[in-house]
Amino acid sequence: MKFKILLIAFLLSTLTSSSSSSSSSSSSSQSSSEESNIISRFQQYLQIKTDQPTPNYTQSTIFLTNQAKSLSLQSQTIEFVSGKPLILIKWEGTNPELSSIMLYSHTDVVPAEHDKWVHHPFEAHLDSDGRIYARGSQDMKCVGLQYLEAVRRLKGWGFQPKRNVYVLFAPDEEIGGHDGAEKFSLSEVFRGLNVGIVLDEGLASPDEHYRAFYAERSPWWLVIKAVGAPGHGSKLYDNSAMENLLKSIEIIRRYRASQFDLIKAGLKADGDVVSINMAFLKAGTPSPTTGYVMNLQPSEAEAGFDIRVPPTADTESLERRIAEEWAPSWRNMSFRLGQFQQKVSVYDASGKPVITKTDSSNPWWALLENAVQEAGGKLGKPEIFPASTDARYFRNLGLPAIGFSPMANTPILLHDHNEYLHKDEYLKGIKIYESIIKAYASFDEHGSDGRSKDEL
Ligand SMILES: [Zn+2]
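Only a predicted model underlies this, so the values are computations on that prediction, with no experimental measurement involved.

Undergrad: Give me the sheet that holds strand E21 (residues 401–404): which residues, what numbers.
TA: Within the open sheet, the eight strands sit side by side as E1-E2-E6-E3-E7-E21-E9-E20. Their pairing is mixed. Edge strands, defined here as strands with exactly one partner in the open sheet, are strand E1 (74–79) and strand E20 (383–385). Between one strand axis and the next, the sheet turns through 30° on average, direction left out of account. Across two bridges, the pairing between strand E9 (residues 212–216) and E21 is antiparallel. By the bridge assignment, Ala212 is partnered in E21 with Phe404.

Undergrad: Lay out the sheet that holds strand E5 (residues 131–133) with the relevant residues and their values.
TA: Here we have three strands laid out as an open sheet, ordered E4-E5-E22, and antiparallel in their pairing. At either end of the open sheet lies a strand with only one pairing partner, and these are strand E4 (125–126) and strand E22 (420–422). Two elements, E4 and E5, share two bridges in a ladder whose sense is antiparallel. Bridged to His125 within E5 is Tyr133.

Undergrad: Can you explain the pairing of strand E7 (residues 195–200)? Please cite residues and give values.
TA: Extensive coverage of E7 is indicated by the burial of six of its six residues. Note that E7 and E21 share three bridges and pair parallel. Across the sheet, Val198 pairs through a bridge with Ala401, a residue of E21.

Undergrad: Can you explain helix H6 (residues 241–264)? Please cite residues and give values.
TA: Over its 24 residues, H6 runs 34 Å from end to end, which matches the ideal 34 Å to within 8%, given 1.5 Å per residue. All of the buried residues along H6 are Ala241, Asn244, Leu245, Ser248 and Ile252. For H6, the elements touching its buried residues are strand E10 (218–227), strand E12 (275–283), strand E16 (300–309), helix H7 (315–326) and strand E17 (333–334). Positive phi shows up at Gly266, right after H6, with a value of about 80°.

Undergrad: Explain the packing of helix H3 (residues 141–156) against helix H10 (residues 423–442) to me, and be specific about the residues and the numbers.
TA: Here H3 crosses H10 at 60°, and the two axes come no closer than 8 Å. One element, H3, and the other, H10, form an angle in the oblique class. Along this stretch, H3 crosses H10, giving a crossing that reads as right-handed. Residues Cys142, Gln146, Tyr147, Glu149, Ala150, Val151, Arg153 and Leu154 of H3 form the contact with H10, whose own contacting residues are Tyr426, Gly429, Ile430, Tyr433, Glu434, Ile437 and Lys438.

Rules used in this analysis
Residues numbered from 1 in each chain as written. Predicted model: local features only at pLDDT ≥ 70, side-chain atom pairs only at ≥ 80, totals over all residues. Pairing = 2+ DSSP bridges. Helix = DSSP H or I, 4+ residues; strand = E, 2+ residues; numbered from the N terminus. Axes fitted to C-alpha atoms, helices over the stretch in contact; angles between N-to-C directions. Buried ≥ 20, exposed ≤ 12 C-beta atoms within 10 Å, placed from the backbone. Expected span 1.5 Å × (residues − 1). Contact = placed C-beta atoms within 7 Å. Parallel < 35°, antiparallel > 145°, perpendicular 65-115°, else oblique. Left-handed = near helix turned anticlockwise from the far one by under 90°.

Encoded structure:
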């Protein structure tokens, strides 16, 4: 009897040890097959041609809706404009009274010049070094699917969110987001979600620090025009349209250099200065035979500039500079506010600069910092995004929105040829989001959310 028990114990222990060793080897093979499934889902999403100006939203909607099904999550397709779907996926929290988390991404991508890429931009080729080449690999299909993969893992572990978690996929960001995020942010549907924090896109970081963005620069597209008496091409005289425009261009170029010098000296980051670049130059008297009439000084000349203004800038003094130095009427230059082709205010509806706080008044910021750190990542100093993202529509409502794409040790290739993301960075990013979503969805500082929301 005793012998029998011992034998059984021995057998059991061998069984458990062999089963535990086989389970560890099967879990590593399982995790490598899980990894390849994750990468393959990312590749499938990248292969959908959602490039502007003719994005295939039908296919991306089918794909994303199927992803939601595979996660046993409800999804809803919303169209404010026909053919421009938003896909809203909901993971219900145990305390839906609390404000919700919105994980935002856009489904469209910018076009790509196929012949200038080493691999086709919609093949999502994984090379032997582990790089996944595709349009959208950085901007921002990576983020959209990383959210879903993080949710998949958290669900797999039995994690239950307290807050409702929404994963939103929106169209048309690359053409301004007017029929996507903008209409959505102003909709009843959005109001009904009681969103407390929005995560949107950031930028890759060439070093080991992830980048997080708390604001963005506003585009001011300015056209200045000079008029002057026309004259013979051989005559030297003052106040010709060309001369006046060139004087302005010189002044603007000096200002541009002064801003750029601050970046070069390491005193300011890209998003902290006013950037200004000439977009077009229009002058001359056309000739059907030679292109332009050469012996005539034209009576009009125009130049267009793309200016990006951070919400921290003194916009009044910038407008004065434009009126008094860049396009002064005493030099026959015209500049009217209406001549801005686009002028996005740096202030929200209540007159405050459109900025998400990064101090202790915003618990979401500290939660993000801690969550990134807990997942083994490093976060750089908060930055102003140099261009525009859809986050502005949510910040304009006074909501906190953080721009964050977890891509460290990665060159910034958004909108560039050969955009790629290394698969290991992609996988690491999923871990980072697991940590962030867990922290955000569990956050319940005051028990009831009433007070904390006011503070946000
Ligand atoms: Zn983007």
